[in-house]
Amino acid sequence: MTKRHTMLGPSLVLLFCLSQAFRDVYFGNVFQSVDFFAVILLAFTASTLLFTAIPLLRDRSAFAKLCGHGRTVLMMNVTTALAWSCYFFALSRIEPSAVNTLHSGMAPLTVVVLGLFGIRLAQTKSIGWQEGIGYSGIAAALVALAWVVLSDRSSLTTSDGPFALLGLVALTISGTSITISLLYSKRLHDHGVSAEIGTSMRYFLLILIAAGVVWYKGGLIGVPTVGDAAVLTGLATVLVILPLYALQVGIALTSTLTANVLRSLGPVFVFAMQQIDGRLAYSTPTLVCIVAYSAAAIVSNLARARAKG
């Protein structure tokens, strides 16, 4: 394998982290004037159409592999709808780096808890003491970051305490739900369902919910013209959908340890990127919590890799 090919995987994972940082800062700003359900409707409708067209053009018979997996597809839709609705709600109320950290941190904790309760969806090996220290560090960093948000010491100061608390609860739901959703996606993939088909099937409930909210509110709030809708759809697709595809390819070309370590640094990139947002002030407590989270996540990943030999 050439050096260029060796670096492609990590580069794609790094590209995902950087684009994720720009996404969260951009939408955190946009959601101050645009209803996030309008963005959901535009972005995920475009995504569903795109990823339905790809397998239809390549091999229509590939959809037959979904037969017998109706319950998995349904649960994937429910958890995906919960995840993105709660995530975007939190992004409209809390600073982007805190949102990204709390959402990301729930993923490993969710897998560990599911495994401890013997839930078959998450098959995990026993956790060593070093890995346990890492997970404990993640949990402690998330609790500290929640305190920073509620005590108004974050980069986005607000007197709207109840909504900040709702945002934190929403992030607990979003991080847990997206992790379970990805586990259902893996189940489909293990039965030969491609990533494109899985993506084309996962957003139907989310789109229906967003369409219902938009209809109830009387239109796309904050999107006055067709041109604005087209621009927002394009940006949302580029910032939400394509990075996820880059991540899938990058993970396939990168060792698990390298990919997880790079992703652990994602919240740091978001914190750096949000400094260009005029709404947000620099917050040392937020940065300390984010660095603590990233360090704990790296420790847990190194311990897991060492345990696997």
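Residues numbered from 1 in each chain as written. Predicted model: local features only at pLDDT ≥ 70, side-chain atom pairs only at ≥ 80, totals over all residues. Heavy atoms only, no water.

### Re the packing of aromatic side chains
Per the counting criterion, the structure on display carries 14 aromatic pairs. Centroid distance Phe44 to Tyr203: 4.7 Å. Interplanar angle 50°. Geometry classified as tilted. Of this pair, Phe44 sits in helix H2 (residues 36-58) while Tyr203 is found in the loop between helix H7 (195-201) and helix H8 (204-217), placing the two residues 159 residues apart along the sequence. Judged on exposure class, the residue Phe44 and its partner Tyr203 are both buried. Ring geometry for Phe271 and Tyr282: centres 5.7 Å apart, planes at 75°, overall edge-to-face. One end of the pair, Phe271, is in helix H11 (residues 266-273); the other, Tyr282, is in the loop between H11 and helix H12 (284-308), with 11 residues separating them in the sequence. Tyr282 gets classed as exposed once you look at its relative accessible area, which sits at 51%. (Phe/Tyr/Trp six-rings, centres within 6.5 Å; stacked < 30°, edge-to-face > 60°. Helix = DSSP H or I, 4+ residues; strand = E, 2+ residues; numbered from the N terminus. Buried < 20%, exposed > 50% of the residue type's maximum accessible area, 1.4 Å probe, protein only.)

### As for a nonpolar patch on the surface
Taken together, the side chains of Leu82, Leu150, Leu165, Val169 and Ile173 define a hydrophobic patch exposed on the protein surface, amounting to about 400 Å² of accessible area. Residue contributions to the nonpolar patch peak at three residues, all from helix H6 (residues 161-190). Inspection of the secondary structure puts Leu82 in helix H3 (residues 70-91). Under the relative-accessibility criterion, Leu82 is labelled partly exposed at 38%. (Patch = residues over 30% accessible without salt bridge, like charges linked within 9 Å, V, L, I, M, F, W, Y side chains within 5 Å. Areas by Shrake-Rupley, 256 points an atom, 1.4 Å probe, with all protein chains shown as cover. Salt bridge = Lys/Arg side-chain N within 4 Å of Asp/Glu carboxyl O.)

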